[in-house]
Amino acid sequence: MHLNPADQTQTLDDIVTAWKTHERTWTSDACVPEVSFENTPKTEPTLNLGDHKITLDEKAITQLCLFYKIPSAFFGRLTPAEKHFVMNARIDHTGGEVTIAYTRTGITDVRKPSQPRLDVEEFTNVARQLYPLYSTVLNAELTPDHLVLDVLSNHVPIPSKRGLIHGGIRLAQNRKQNLAPTVSPILYHEDTTTTVEIIDPSLKIDARGVALEKVAERLAAEALRADARLTHDVEALDDLTNVTIEGDRITRLHRVAAEHNMPVRPLADITVAMSRTDEPTMFDLVIAIANSANNPKLRDPAKRTTRTRLQTIAGAIVNDHAERCSNCHALVAA
């Protein structure tokens, strides 16, 4: 098993404080901003918005590259002089308008004015409506590309045969493509520091042509519904401790892998974990799959999609009540 090294002492209050932005926005023609990359050592690049100058960090530069369609990997290999020329040349030849959000510490967002984005504080506000500020936060990621907030509920955890199981919710958004926010129930197995995400299609939020205020209201409503089903989901996971797969653990694993297009590389890790388990159950299979997301090799931010995929595959097993063949575990036609 891979234990998650994340700081479990984070509370919702900590994240509320950390994610306060106090943003200001600047909107103008996309060709107006000017970037300065100095050759002088230890001199940070800056962005000039008229008379206002903002220091650029790596995240801000990545956001500018994304908006002005400059490959980030290519841009990172350039010298300061080359960066200065390329970025300003792209800015000078870009049409339309740009909205840049910034705080005292730097840029927080670069987007088209026609693509308003839900403020990060709306996500913490939703969590605060459900749970007290002392609630544990398992994961809080905020980058120009993605936002993820995993908060455990204050419900009493269920003592399973395999350890304590907590419930919670995951609030997320693909901010790179500015997609609609999502909310999912999550289950947390304390002994193995494993997170299982339950995908519920009925919790989908439709943000097409909807004002941001309405999107925030819908996010809060769906988060309330996700929290309401947590007791059922925790009990469903606990019930899997009664479903033995001692004689065909590998066959069952391979059936899951085939049905859910499981990533190939974690499969060997999961197989080893199942082989070491005495009297394995479906509960052990769920935890082995989700726990593989804690593998140190998957901690790179670029591997976030794979981590989430493994957690959602485990969640799909928890919600799988279909009739199956007793030998090969294939779905039985209705």
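Residues numbered from 1 in each chain as written. Predicted model: local features only at pLDDT ≥ 70, side-chain atom pairs only at ≥ 80, totals over all residues. Heavy atoms only, no water.

Colleague: Please give an account of the packing of aromatic side chains that cites residues and values.
Modeller: In total, this model carries 2 aromatic pairs according to the counting rule given. Aromatic pair F37 and F75: ring centres 5.8 Å apart, planes at 70°, arrangement edge-to-face. Placement of the pair is F37 in the loop between β2 (34-36) and β3 (46-49) and F75 in helix α3 (residues 72-76), with a sequence separation of 38 residues. Each member of the pair, F37 as well as F75, carries the same accessibility label: buried. (Phe/Tyr/Trp six-rings, centres within 6.5 Å; stacked < 30°, edge-to-face > 60°. Helix = DSSP H or I, 4+ residues; strand = E, 2+ residues; numbered from the N terminus. Buried < 20%, exposed > 50% of the residue type's maximum accessible area, 1.4 Å probe, protein only.)

Colleague: An account of the packing of helix α10 (residues 282-291) against helix α11 (residues 304-318) is needed here, citing residue identities and associated values.
Modeller: In the contact formed by α10 and α11, the axes pass within 7 Å of each other and the chain directions differ by 165°. Considered as vectors, α10 and α11 are oriented roughly antiparallel to each other. Read as a crossing pair, α10 and α11 show a hand that is left-handed. Along its contact with α10, which presents M282, V286, I289 and A290, the element α11 presents L310, Q311, I313, A314, I317 and V318. A breakdown of the residues in the contact of α10 with α11 according to their chemical character gives 9 nonpolar, 1 polar and no charged. (Axes fitted to C-alpha atoms, helices over the stretch in contact; angles between N-to-C directions. Parallel < 35°, antiparallel > 145°, perpendicular 65-115°, else oblique. Left-handed = near helix turned anticlockwise from the far one by under 90°. Contact = heavy atoms within 4.5 Å. Nonpolar A, V, L, I, M, F, W, Y, C, P; charged D, E, K, R; others polar.)

Colleague: Lay out the nonpolar core with the relevant residues and their values.
Modeller: Grouped together as the largest cluster of nonpolar side chains are 30 residues, with contacts concentrated most on V196, L237, M262, L285, V286, I289 and V318. Within the residue set of this core, elements represented by two or more residues are α7 (230-239), α8 (249-259), α9 (264-275), α10 and α11. A total of 8 residues in this core trace back to one element, the largest contributor, which is α10. Sequence-distant contacts of L285, that is, excluding residues within four places in its chain, are made with I245, R252, L253, V256 and M274. By size, the runner-up hydrophobic cluster in this structure holds 26 residues, among which are I15, L118, V137 and V183. (Core = buried A, V, L, I, M, F, W, Y, C linked by side-chain atoms within 4.5 Å.)

Colleague: Residue-level account of the environment of A273, with values.
Modeller: Structurally, A273 can be placed in helix α9. Judged by relative accessible area, A273 falls into the partly exposed class, the value being 21%. Along the backbone, A273 and I289 are 16 residues apart, and their C-alpha atoms lie at a distance of 9.1 Å.

Colleague: Any chance you could break down the pattern of salt bridges for me, citing the residues and the numbers?
Modeller: Following the criterion strictly, the structure yields 11 salt bridges and no others. Note that D200 is salt-bridged to R229, the shortest N-O span being 2.7 Å. Placement of D200 in the loop between β12 (194-197) and α6 (212-228) and of R229 in the loop between α6 and α7 is noted, with a sequence separation of 29 residues between them. Bridged by salt links that share partners, the residues D109, R111 and R117 form one connected network. (Salt bridge = Lys/Arg side-chain N within 4 Å of Asp/Glu carboxyl O.)

Colleague: Describe the side chain of R111, and please don't skip the residues or the numbers.
Modeller: Positionally, R111 belongs in strand β6 (residues 106-111). Polar side-chain contacts of R111 include one of 2.6 Å to the side chain of D109. (Polar contact = N/O pair within 3.5 Å; in protein donor to acceptor, adjacent residues only side chain to side chain.)

Colleague: Help me get a handle on the pairing of strand β8 (residues 146-152), residues and values and all.
Modeller: The buried count for β8 comes to 6 of 7 residues, which makes it a mostly enclosed element. Looking at chain direction, strand β7 (residues 137-142) and β8 are connected through 5 bridges and run antiparallel. Across the sheet, residue V137 finds its bridge partner in β8, namely V151. Between β7 and β8, which pair antiparallel in sequence order, lie 3 residues. Of the strand pairs in this sheet, β8 and strand β10 (residues 163-174) are connected by 7 bridges, and their pairing is antiparallel. Within β10, the position partnered with L149 by the bridge is L171. (Pairing = 2+ DSSP bridges.)

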